[in-house]
Amino acid sequence: MKDLLQKYEAKEPEIIFNWKDPETEAEGWTVINSLRGGAAGGGTRMRKGLDMNEVLSLAKTMEVKFTVSGPAIGGAKSGINFDPQDPRKKGVLERWYKAVSPLLKSYYGTGGDLNVDEIHEVIPITEESGVWHPQEGVFEGHFKPTIADKINRIGQLRHGVIKVIENPVYSPDVRRKYTVADMITGYGVAEAVKHFYDIKNESVVGKRAVVQGFGNVGAAAAFYLAQMGAKVVGIIDVVGGLIKEEGFSFEEITELYLNKKGNNLAAENLIPFAEMNERVWGLKTEIFTPCAASRLVTKEQIDQMIDNGLEVISCGANVPFADKEIFFGPIMEYTDSKVSLIPDFISNCGMARVFAYFMEQRVQMTDDAIFGDTSNIIKEAIKNVHSKNNTKTGISATAFEIALSQLI
């Protein structure tokens, strides 16, 4: 696996598109690791301090993810170095998507990512630039459909991603009109935990969980974990956190989801972040879902959780460990040797899978069909790993070996 990983990381990306905004200090990159299958896909993120190397590592991560979620295309990513709180953000995005539109028309598909919203920013702004849909390049480069088929499938994709969830099983409150895009990634993170225990002939019911991050992914993961009977005992977010050692009830987690402020946890009795960061890692817990930013989790935090009963980690964030390496750094390798570590490209593939699902010909548009498809894809990936490695450790190493053998 290490040899495969070294070869994959060392391979130069096929395309690097660099853009400098003529009206602000913003700078952007699209990195296309490869045009495997004639196209590449990956979302657009924005943050102050972002650089090309971050975009490159995420592009490579996407390519690995597509070996699980499909379609069989290359990995890509777009990133803009700009403060997303700046009031000039909309203009920056408009100029960015205009500049990158030839790629989006031909062989590159994008979506939302950190600080860039799929529904309210990516889709309407790319449409203004003459792109039928942010995934048009994947249709054009990979599927090569007829015009009529392309129109049908883009319509399916357009309606599917923003579909309002009607089934209360998948929504914290159907009256609030949460969409598939709001919930699917966190759903996959929770389902990965469930399938892991199912394969081990154990139940997730009663297992204690710590959730890091309470944005779309972390909040949804907490909601679905509580729904399936796990006990969320700690939530740590950038604004602070909450602890309840006997576990929050499903109703309490649902209320926290409904009351969050934007992408942040909101509650009257929030524990300040510094105190929370001291206490949360020492909680007795079997499940950990890192769903905040990349490269935050330290070896010391992992050791504390291991000492308190940690069994499985389901990654909601891409590359959650504080390693400088693109993928399998020393903290991740250490963690993989100690507990069951489900890698990000399996556990958080929900949105990528939804895109792949709606690109297929005439699929069912029900909540059960959409969420069930993501669950089954994750289940099959975990089963494939288990068939090669039925121990409790080395799960990520085995998963990478399976994925990279398809790419090299």
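Before any of the text, the structure's been laid out above.
None of the values given here were measured: they were computed from a predicted structure.

Chemist: What am I meant to see in the overall build of the chain here?
Modeler: On a plain count of helices and strands, the chain comes out with 16 helices and 12 strands. In terms of principal-axis extent, the alpha carbons of the chain reach across some 55 × 45 × 45 Å. Every one of the 408 residues in the chain was classed for burial, and the buried ones make up 58%. The long-range fraction of contacts in the chain, counting pairs at least 24 apart against all pairs at least 6 apart in sequence, stands at 74%. Carbon together with sulfur atoms contributes 50% to the accessible area of the chain, which is approximately 16,200 Å² in total.

Chemist: Is there a simple way to think about helix 16 (residues 395-407) in this case?
Modeler: Each full turn of the α-helix corresponds to 3.6 residues, which orients residues three or four apart in the same direction. Look at helix 16: 19 Å from first C-alpha to last across 13 residues, which is about the 18 Å you get at 1.5 Å a residue. Ile 395, Ser 396, Ala 397, Thr 398, Ala 399, Phe 400, Ala 403, Leu 404 and Leu 407 are the residues of helix 16 that are buried.

Chemist: Help me out: how do you make sense of the side chain of Gln 212 in this one?
Modeler: Structurally, Gln 212 is set in strand 7 (residues 208-212). Gln 212 sits in the buried class, given a relative accessible area of 8%.

Chemist: For this particular structure, what's the right way to read the packing of aromatic side chains?
Modeler: Where two aromatic rings form a pair, the distance of their centres and the angle of their planes describe that pair. Counting across every chain of the model gives 18 aromatic pairs. Ring geometry for Phe 223 and Tyr 224: centres 5.0 Å apart, planes at 75°, overall edge-to-face. Note on Phe 223: relative accessible area 1%, which makes it buried. Linked through ring pairs, Tyr 170, Tyr 178, Tyr 187, Phe 223, Tyr 224, Phe 250, Tyr 257 and Phe 371 together constitute an aromatic cluster. Residue placement shows Lys 60 over the ring face of Tyr 8; its charged tip is 4.9 Å from the ring centre. The aromatic ring of Tyr 334 is capped on one face by Lys 299, whose charged end is 4.3 Å from the ring centroid.

Chemist: Just to check I follow, could you spell out the sheet that holds strand 12 (residues 340-342) for this structure?
Modeler: Hydrogen bonds between backbone atoms are what pair the strands of a sheet, whose relative direction is either parallel or antiparallel. What the six strands build is an open sheet, ordered 9-8-7-10-11-12; its pairing is mixed. Two strands in the sheet have a free side with no partner beyond their single neighbour: strand 9 (240-248) and strand 12. Each adjacent strand pair in this sheet contributes to an overall mean axis angle of 15°, direction not counted. Alignment of strand 10 (residues 287-290) against strand 11 (residues 312-314), held across two bridges, turns out to be parallel. The residue of strand 11 that forms the bridge with Ile 287 is Val 312. Against the sheet, helix 9 (residues 250-259) engages strand 8 (231-237) and strand 9, with an angle of about 165° to strand 9.

Chemist: Please explain the pairing of strand 2 (residues 27-32) as it appears in this structure.
Modeler: Along a regular strand, successive side chains alternate from one face of the sheet to the other. Here strand 2 lies mainly inside the structure; five of its six residues are buried. Sheet topology note: the strand 1 (residues 15-20)/strand 2 ladder contains six bridges and is antiparallel. Opposite Lys 20, over in strand 2, you have Glu 27 as the bridge partner. Between strand 1 and strand 2, which pair antiparallel in sequence order, lie six residues. Where strand 2 lies against strand 5 (residues 74-81), six bridges are found, and the strand directions are antiparallel. The residue bridging Glu 27 from the neighbouring strand is Asn 81, located in strand 5.

Chemist: So what exactly am I meant to see when it comes to the packing of helix 3 (residues 89-106) against helix 4 (residues 118-128) here?
Modeler: Each pair of packed helices can be described by the angle between their axes along with the distance between the axes. It is at 9 Å that the axes of helix 3 and helix 4 come closest, and there the two elements cross at 65°. As for the relative orientation of helix 3 and helix 4, their crossing is right-handed in sense. In contact with Lys 89, Leu 93, Glu 94, Tyr 97 and Leu 104 of helix 3, helix 4 contributes Glu 121, Val 122, Ile 125, Thr 126 and Glu 128. Split into classes, the residues belonging to the contact of helix 3 with helix 4 amount to five nonpolar, one polar and four charged.

Chemist: Teacher, can you tell me more about the pattern of salt bridges here?
Modeler: Any two side chains of opposite charge can pair if their charged atoms end up close together. Considering all chains together, one arrives at 33 salt bridges under this definition. When the shortest N-O distance is used, the salt bridge between Arg 88 and Glu 25 registers 3.3 Å. With Arg 88 in the loop between strand 5 and helix 3 and Glu 25 in the loop between strand 1 and strand 2, this residue pair connects regions lying 63 residues apart in the sequence. Overall, the relative accessible area of 36% leaves Arg 88 in the partly exposed class. In this structure, Glu 311 engages Lys 207 in a salt bridge whose closest nitrogen and oxygen atoms are separated by 3.1 Å. Here Glu 311 is found in the loop between helix 11 (299-307) and strand 11, whereas its partner Lys 207 is found in the loop between helix 7 (180-199) and strand 7, with 104 residues between them in sequence. Since its relative accessible area comes to 13%, Lys 207 is described here as buried. Overlapping salt bridges bring together Arg 45, Arg 47, Glu 54, Lys 77 and Asp 113 as one network.

Chemist: Teacher, can you tell me more about the packing of helix 14 (residues 350-359) against helix 15 (residues 367-388) here?
Modeler: One can describe the packing of helix 14 onto helix 15 by two numbers: an axis separation of 10 Å at closest approach and a directional angle of 120°. Where helix 14 crosses over helix 15, the handedness of that crossing is right-handed. On helix 15, the residues that touch Gly 350, Arg 353, Val 354, Tyr 357 and Phe 358 of helix 14 are Ala 369, Ile 370, Asp 373, Thr 374 and Ile 377. Partitioned by chemical class, the residues of the contact of helix 14 with helix 15 number six nonpolar, two polar and two charged.

Chemist: Can you walk me through unusual backbone geometry in this structure?
Modeler: The phi angle of most residues is negative, glycine excepted, and most peptide bonds adopt the trans form. Residues Gly 70 and Pro 71 are joined by a peptide bond in cis, for which omega reads -15°. With respect to the helices, strands and loops of the structure, Pro 71 is situated in the loop between helix 2 (52-69) and strand 5. At Asn 201, a position not held by glycine, the phi torsion is positive, near 60°. Looking at where Asn 201 falls in the secondary structure, it is placed in the loop between helix 7 and strand 7. Phi is positive for Val 319, close to 45°, though the residue is something other than glycine. Overall, the relative accessible area of 8% leaves Val 319 in the buried class.

Thresholds applied
- Here, residues in each chain are numbered from 1, in the same order as that chain's written sequence.
- It should be noted that, the model being predicted, local features are given only for residues of pLDDT at least 70 and side-chain atom pairs only at 80 or more, the latter also being counted only at that level, while totals for whole chains, interfaces and linings use all residues.
- The basis for every side-chain value is the complete set of heavy atoms in the structure, and neither hydrogens nor water enter the calculation.
- The helix and strand labels rest on DSSP assignments: H or I over at least four residues marks a helix, E over at least two residues marks a strand, and numbering proceeds from the N terminus.
- Buried means the residue's accessible area, taken with a 1.4 Å probe over protein chains only, is under 20% of the maximum for its type, while exposed means over 50%, and partly exposed covers the values in between.
- The criterion used for residue contact is that any of the two residues' heavy atoms lie within 4.5 Å.
- Surface accessibility in these figures is a Shrake-Rupley result with a 1.4 Å probe; residues are shielded only by whichever protein chains are displayed.
- Residue count minus one, scaled by 1.5 Å, sets the expected span of a helix.
- A pair of Phe, Tyr and Trp rings is counted when the ring centres sit within 6.5 Å of each other, with Trp represented by its six-membered ring. The angle between the planes then sorts it: under 30 degrees is stacked, over 60 is edge-to-face, the rest tilted.
- When the NZ atom of lysine or the CZ atom of arginine is within 6 Å of a ring's centre and also within 35 degrees of its normal, the charge is said to sit over that ring.
- Two strands qualify as a pair provided that DSSP identifies no fewer than 2 bridges between them.
- Where helices are involved, their axes are fitted lines through C-alpha atoms of the stretch in contact, as for all axes, and angles between N-to-C directions lie from 0 to 180°.
- Put simply, a crossing is left-handed when the front helix is turned counterclockwise from the back one by less than a right angle, and right-handed when it is turned clockwise.
- Charged residues are taken to be Asp, Glu, Lys and Arg, nonpolar residues to be Ala, Val, Leu, Ile, Met, Phe, Trp, Tyr, Cys and Pro, and polar residues to be all remaining types, Gly included.
- In the sections that follow, a salt bridge refers to a side-chain nitrogen of Lys or Arg positioned within 4 Å of a carboxyl oxygen of Asp or Glu.

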